[in-house]
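Listed here are the chains, written in short residue letters.
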Amino acid sequence: MIHRQELHSESKAALDTPALLVDLDIMTGNVDRIASMCRAHGVGWRPHTKGQKTPEIIRLELAAGAIGITCAKVGEAEAMVDAGIGDILIANEIVGEIKVRRLVELLARADVTVAIDSLRNVAELGAAAAGRGRRLGVVAEVDIGMHRAGVLPGPAVVDLAKVAGAHPGLAFRGVMGWESQAVTIADPKAKEKVVVEAVAQLTASAAACRAAGQKVDIVSCGGTGTFPYCIQQPGVTEVQIGGGIFSDMHYLTHYHSDFAPALTVLATVISRPTPTRIVLDAGRKAMSGDAAMPQPIGLPAVRTMRLSAEHATIELEVGSDTPGVGEKIELIVGYSDTTVHLHEEIVGVRSGRIEGVWRVIGRGKIK
């Protein structure tokens, strides 16, 4: 687990910066909360790893009860299979000869399921998977309100399932959807209502497939922004909650999530040109500000903050002598999904001491 042994048990202040840190006590608490809620409702937890990308963290989730993982790209799935993780849902359509060939090659080493939403893609996947000795699992992606990919609920799902289920290279396993239209709703009752209505379309589509003679083992949905309502819906077999183990300013402020933030960036003050200005050595190449800005921890009231490529510039409301040049501060990340991949490693800390340094092996796996 630890590949930089010289840092083990050191204070996190000993790290060079910028450094990506995860508080292990907070993260473990978030993991346990999700896992226990899933167990209480008899729902499998298949965490989405597009923002985690680190086997040590994924193994912690599996140890807590996760049934497998969700990936977004073939490259992510390849990296996780190389790390010994063998049950993977790719919640995305995989199209094109190069990617499809890589996808079906994983069948020799793992149980892989992939999303479909077109007959053309079904034919492409089925032809590539034929004769591999293990069928490629497929789930029909259903558009239950996100309006990105997916077929409309109802008859279109059944038609797709029938074609996929009849192909000798494929195993139709069920349906998946994402009720993303609910995530930004602040009022809990209003959010729950939208989740209930959206997921009902997914479970009704699953029921229609069963009525048409198709076996449905997977009804997959959910994310951090719809926790805990997605877990509570009858007919759901698994949820893809992933970002909640880290939490961040985006989840806290835009998705109204209450998971404690575990992921931070450690940065060094490199300049104090004025009493109100603090310049850090961490900019857009170390932490994203696309979905939400990072939040400094322990500073006086902040008036503005901006990110450059290699700097963060903070303006305080009132002048202060602290922190001084050379001091280090932490910032809660703005959005974990677009921050983790910027770093080569995550440093696990507990009570301020370094406990592990882990490679982000999914970094750059965008194909």
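Residues numbered from 1 in each chain as written. Predicted model: local features only at pLDDT ≥ 70, side-chain atom pairs only at ≥ 80, totals over all residues. Heavy atoms only, no water.

A. Representation of the environment of Ala-128 in the model. Of note, Ala-128 is situated in helix H5 (residues 119–129). Between the C-alpha atom of Ala-128 and that of Leu-152, which follows or precedes it by 24 residues, the distance is 26 Å. Residues in contact with Ala-128, not counting those within four places in the same chain, are Val-100 and Val-104. (Helix = DSSP H or I, 4+ residues; strand = E, 2+ residues; numbered from the N terminus. Contact = heavy atoms within 4.5 Å.)

B. Expanded view of helix H6 (residues 155–166). Over its twelve residues, H6 extends 17 Å from the first C-alpha to the last, a length consistent with the 16 Å expected when each residue adds 1.5 Å. Those residues of H6 not exposed but buried are Val-157, Val-158, Leu-160, Ala-161 and Ala-164. Across the axial projection of H6, the buried residues extend over an arc of 165°, all falling on one side. Among the exposed residues of H6, those oriented more than 90 degrees off its buried face are Pro-155 and Ala-166. On its buried side, H6 packs onto strand E5 (111–116), H5, strand E6 (136–141), strand E7 (170–176) and helix H7 (188–211). (Expected span 1.5 Å × (residues − 1). Buried < 20%, exposed > 50% of the residue type's maximum accessible area, 1.4 Å probe, protein only. Arc of directions from axis to C-beta.)

C. Structural context of the environment of Gln-232. For Gln-232, the position within the fold is in the loop between strand E8 (218–221) and strand E9 (238–239). Overall, the relative accessible area of 33% leaves Gln-232 in the partly exposed class. For the pair Gln-232 and Gln-52, spaced 180 residues apart in sequence, the C-alpha separation works out to 25 Å. Residues contacting Gln-232, with those up to four places away along its chain left out, are His-41 and Glu-192.

D. Looking closely at the sheet that holds E5. Pairing is parallel across the open sheet formed by eight strands, whose spatial order is E2-E9-E8-E7-E6-E5-E4-E3. Strands at the two margins of the open sheet, each flanked by one partner only, are strand E2 (44–45) and strand E3 (69–71). Alignment of E5 against E6, held across four bridges, turns out to be parallel. Looking at the pairing, Thr-113 lines up with Gly-137 of E6. Against the sheet, H5 touches strand E4 (87–93), E5, E6 and E7, its axis set at about 160° to E5. (Pairing = 2+ DSSP bridges. Axes fitted to C-alpha atoms, helices over the stretch in contact; angles between N-to-C directions.)

Honestly, it's all geometry; don't read function into it.
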